Amino acid sequence: MKANLSALAAGLLFGLGLMLSGMSNPGEVLSFLDWSGVWSPDLIGVLGSAVLVSVIGFRLARRKARPWFAAEFPALPRKAIDRPLLVGNLLFGLGWGLAGYCPGPALAGLALGNDEVLVFLVAMLGGGVLQQALARKRNDL
Amino acid sequence: MLNELDPASHWLAGQVAGIHLFTVAGGLAIGAAAVLLYHSIGRIAGISGIFFTGMREGGSWRWLFLGGIVLGAWLGAQLFPTLNIVSRPNPGFWILAVSGLLVGWGTRLGGGCTSGHGVCGLGRLSLRSLVAVLVFMAAGIFTASLLRHWLGVPA
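Residues numbered from 1 in each chain as written. Chains lettered and ligands numbered in written order. Predicted model: local features only at pLDDT ≥ 70, side-chain atom pairs only at ≥ 80, totals over all residues.

### Regarding the overall build of chain B
So, step 1. When you go through chain B residue by residue, the secondary structure sums to seven helices and zero strands.
So, step 2. Reading chain B from its N terminus to its C terminus gives the helix and strand order α-α-α-α-α-α-α.
So, step 3. With the C-alpha coordinates aligned to their principal axes, the bounding extent of chain B is approximately 60 × 40 × 40 Å.
So, step 4. Looking at chain B residue by residue over its 155 residues, the buried ones come to 51%.
So, step 5. Relative to all contacts within chain B whose residues are 6 or more apart in sequence, the contacts with residues 24 or more apart total 48%. (Helix = DSSP H or I, 4+ residues; strand = E, 2+ residues; numbered from the N terminus. Buried ≥ 20, exposed ≤ 12 C-beta atoms within 10 Å, placed from the backbone. Contact = placed C-beta atoms within 7 Å.)

Okay, structure coming up:
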């Protein structure tokens, strides 16, 4: 119960932050990514202030034996900088710059009367499911 | 005083001054949300990962977190309706569809998005995430600055 409530509260804060910061507006995201027009530094301002808080928060968590409402901190696998990381993030970035949406802001758009996110979200679901199906098939071979 | 700065610092000062108050406040809220999720239940606030793992394995906390994002954005739009704008023309069905496919495929293959690699990965000082952020930023700047114009997407 407390775990579920914390997840809801974290989501609320995240969505509120996306909306207030202007990141739920794909035009604002594109005004950072598009260097051919009038450039806006806002996206770096958002990411920078978010990372400032998260650096402190994750550092403080190191002193804790366990989270408040869960048995343990799950071990995060140490993975190498490999081809999937590079290719995956390259494809993600190419898609991000096309319409100005990444997953969080597109999700937030559902609440903002912004119908175009429906097309994006359905396609995103399809792309992710296809990738996972292909990865499983490769593992089975 | 500002006039005594060299041109590069002058430019930088202008850009920093151009970052709005809401931008920083929103960013702090996003960071706080990621920290809250980790301190309370030990989970990384990576939206693409939570979305796709939720589709496969379920888990009520995942749907509550994602639902919270939608609800939080709605709340923000009620509190500050003037901030709720889309300041670029609709790029049309095909651009939205291709863009969604690439984001879905890419975030699964690359293990994260702007929240997982960006907000959380950088916060954990992960070198892997730093590389991920540099790659998706560079690719995003390439598409938005060049490819989008070559394709004739309305800007």
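### Brief notes about the overall build of chain A
So, step 1. Tallying secondary structure elements over chain A gives six helices and zero strands in all.
So, step 2. In terms of overall dimensions, chain A has C-alpha extents of about 50 × 45 × 30 Å along its principal axes.
So, step 3. Considering chain A as a whole, with its 141 residues, one finds that 54% of them fall into the buried category.
So, step 4. The long-range share in chain A, meaning contacts at least 24 apart out of those at least 6 apart in sequence, stands at 45%.

### Topic: the interface of chain B and chain A
So, step 1. With 99 residues of chain B at the contact, the number on the chain A side is 96 residues.
So, step 2. Of all elements in the fold, only α1 (7–18), α2 (21–41), α3 (47–57), α4 (60–79), α5 (93–110), α6 (114–123) and α7 (127–150) of chain B reach the threshold of two or more residues within the side of chain B that touches chain A.
So, step 3. Ranked by residue count, the leading element in the side of chain B that touches chain A is α2(B), at 20 residues.
So, step 4. Counted by class, the side of chain B that touches chain A contains 60 nonpolar, 34 polar and five charged residues. (Nonpolar A, V, L, I, M, F, W, Y, C, P; charged D, E, K, R; others polar.)

### What about the packing of α2(B) against α6(B)?
Residue and element names in this part refer to chain B.
So, step 1. Between α2 and α6, the least distance of the axes is 11 Å, while the angle of their chain directions is 70°. Judged on the interaxial angle alone, α6 and α2 are roughly perpendicular. Judged by the sense of rotation from one axis to the other, the crossing of α2 with α6 is right-handed. Residues I30, G31 and A34 of α2 form the contact with α6, whose participating residues are V119, C120 and G123.
So, step 2. Considered class by class, the residues forming the contact of α2 with α6 number four nonpolar, two polar and no charged. (Axes fitted to C-alpha atoms, helices over the stretch in contact; angles between N-to-C directions. Parallel < 35°, antiparallel > 145°, perpendicular 65-115°, else oblique. Left-handed = near helix turned anticlockwise from the far one by under 90°.)

### Topic: the environment of G68(B)
So, step 1. Its location among the elements puts G68(B) in helix α4.
So, step 2. For the pair G68(B) and T23(B), spaced 45 residues apart in sequence, the C-alpha to C-alpha distance is 20 Å.
So, step 3. Once residues lying within four places of it in the same chain are set aside, the contact partners of G68(B) are L8(A), A9(A), A10(A), G11(A), L12(A), F14(A) and G15(A).

### Here we look at the packing of helix α1 (residues 2–20) of chain A against α4(B)
So, step 1. Relative orientation of the contacting elements α1(A) and α4(B) amounts to 35°, with a least axis distance of 6 Å. The two elements α1(A) and α4(B) cross, and the hand of that crossing is right-handed.

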